[in-house]
Amino acid sequence: MSRIIGKINEEVRRKTARRCKEKGVILPTFKQLRNPELIPQEIKDKLQPIGLWDINPLNLFRITWKNDIKTGLFGGVNYLEIPNELTGIKARVIGLVGKYFPTGAHKVGAAYGCLAPRLVTGEFDPTYHKAVWPSTGNYCRGGTFDSALLGVHAIAILPEEMSQERFDWLRQIGAEVIATPGCESNVKEIYDKCHELGADPQNLILNQFAEFGNPLWHYHVTAPAMEEVFNGLKGDKKNFAAYVSATGSAGTIGAGDYLRELYPLLKVVATEAAECPTLLNNGFGGHRIEGIGDKHVPWVHNVRNTDAVAAIRDEDCMRLFRLFNEPAGLEYIRSLGVSDETASDLSLLGISSICNLLASIKTAKYFDLTEDDIVFTIFTDAANMYDSRLVELNEQRGVYTSALAAIDFNVCLLSQTYDDFLELSYQDKKRIHNLKYYTWVEQQGKTYEEILEQWSPEYWKNIFDNNVERLDSLIEEFNALIEKS
Ligand SMILES: Cc1ncc(COP(=O)(O)O)c(C=O)c1O
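Scope of this entry: the structure provided in the associated data block.

Rules behind the numbers
- Residues numbered from 1 in each chain as written.
- Predicted model: local features only at pLDDT ≥ 70, side-chain atom pairs only at ≥ 80, totals over all residues.
- Heavy atoms only, no water.
- Helix = DSSP H or I, 4+ residues; strand = E, 2+ residues; numbered from the N terminus.
- Rg over C-alpha atoms; globule rule 2.2 N^0.38 Å.
- Buried < 20%, exposed > 50% of the residue type's maximum accessible area, 1.4 Å probe, protein only.
- Contact = heavy atoms within 4.5 Å.
- Areas by Shrake-Rupley, 256 points an atom, 1.4 Å probe, with all protein chains shown as cover.
- Lys, Arg positive; Asp, Glu negative; His and termini not counted.
- Charge placed at Lys NZ, Arg CZ, Asp CG, Glu CD.
- Axes fitted to C-alpha atoms, helices over the stretch in contact; angles between N-to-C directions.
- Parallel < 35°, antiparallel > 145°, perpendicular 65-115°, else oblique.
- Left-handed = near helix turned anticlockwise from the far one by under 90°.
- Nonpolar A, V, L, I, M, F, W, Y, C, P; charged D, E, K, R; others polar.

Quick look at the overall build of the protein chain
Stage number 1. Scanning the protein chain for helices and strands turns up 21 helices and 13 strands.
Stage number 2. Here the protein chain has a C-alpha radius of gyration of 21 Å; the compact-globule value for 485 residues is 23 Å, and the two agree.
Stage number 3. For the C-alpha atoms alone, the extent of the protein chain along its principal axes is close to 65 × 50 × 50 Å.
Stage number 4. The proportion of buried residues among the 485 residues of the protein chain is 62%.
Stage number 5. In the protein chain, 76% of the contacts between residues at least 6 apart in sequence involve partners at least 24 apart.
Stage number 6. For the protein chain, the accessible surface area stands at approximately 18,100 Å², while carbon and sulfur atoms represent 49% of it.
Stage number 7. In the protein chain, the 51 positive side-chain charges and the 66 negative ones have mean positions that sit 3 Å from each other.

What follows is the structure, encoded as structure tokens:
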């Protein structure tokens, strides 16, 4: 039984193909998103003049790490290395850059991973269903973007305390927006709203926390992008030492399952806010690292493949966010010998990207990583998603000065150590996995049998290895149906 690809409904599939024809939609395969060289030249020619964020269906082909924003075509993987002058560690830290996806964040890929199987099987009928995207921000952004391309009614659910930019953007793209009580970590309130909406058969809930299309996309697109960057780096003794990923829905960390096969000794490190240390010690609480940490363990998280947990203080992230974006901060950074180009590239890091950077530093310190070691992480989205947070911080704390920059650099970056860092024993992993029971089996209708099955590596291998070829061939079949419509 596939947990991603459902039964084919021929009638709906045909109807959907007709809708796609009307809208000019062609679906990219996962292969093409992983390797855009496979995209037909005819599509590339049409795509080139289209803006990265335009509501144009061809932008589905830009759900890849390889957009070249200079040419409008495709190039190498977008990544940024954070220099040792800033990290204060010997190991190299490299983050894939999410800013250059349509919508400005990599979550548009997870959304496509959840929607594509429903479209090509006829499970989702764009002429009847409304697509419901429960999220703490970027996933519903990606989902509503994909929905707009298909002319589908989208419902975005997100906590009311998320940044104003997110709400504004969702409304202008035409989504119905539902704000649930609380902040970042109030996911239970989102689930309650999903239950309420799910009572209406017209609402199809695409719950990223439980949809395997989410990590599947990262396994087949994000992880190979890291592999490619790693292979292109110089050095005979280079070592893919760690993969660090903040977990919101735990889709991105799914890339770690692919990387484990290539680099069996790597450390997969999950990151969360110290103010909501669910993985670290079953903790809970509100925090300001938008996009992560949800007081529960997502159903799609293969906890057994996670080697360590790093909890990061949200105050460190907020202060560094100022350091990396305020003029006095950047001047201070340049005074450390960091090039102008790298200093201005620091705006490629949104708040959770900074969390990932700090967790990479903790990882390197904990495992005594050296010059030969490379830590890969994800710069999910960029500072432009959080301009209003900078304004708020200026209002609350006054103008950012070089004295503050020196303090923040020394206190929040250089002095990071491996406090709130837990290397997971077999039983620690099991403790985190077991926590799924209360959310998923008790509250969300998953079965007792399946939570037991999830402890087996075979369960995950089956999900990651046995779906993508079939999915790609269904996508190709579906595109042929569109052409014939
Ligand atoms: C800004 C940001 N960072 C990190 C994440 C976490 O990614 P994932 O949901 O794949 O765990 C998200 C998820 O929405 C996000 O929006």
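Some points on the packing of helix 12 (residues 314-325) against helix 17 (residues 402-414)
Stage number 1. At a minimum axis separation of 9 Å, helix 12 and helix 17 run at an interaxial angle of 135 degrees. Considered as vectors, helix 12 and helix 17 are oriented oblique to each other. You can see that helix 12 and helix 17 cross each other, and the crossing is left-handed. In contact with Asp316, Arg319, Leu320, Arg322, Leu323 and Phe324 of helix 12, helix 17 contributes Leu404, Ala405, Ile407, Asp408, Phe409, Cys412 and Leu413.
Stage number 2. The class makeup of the residues in the contact of helix 12 with helix 17 is 9 nonpolar, no polar and 4 charged.

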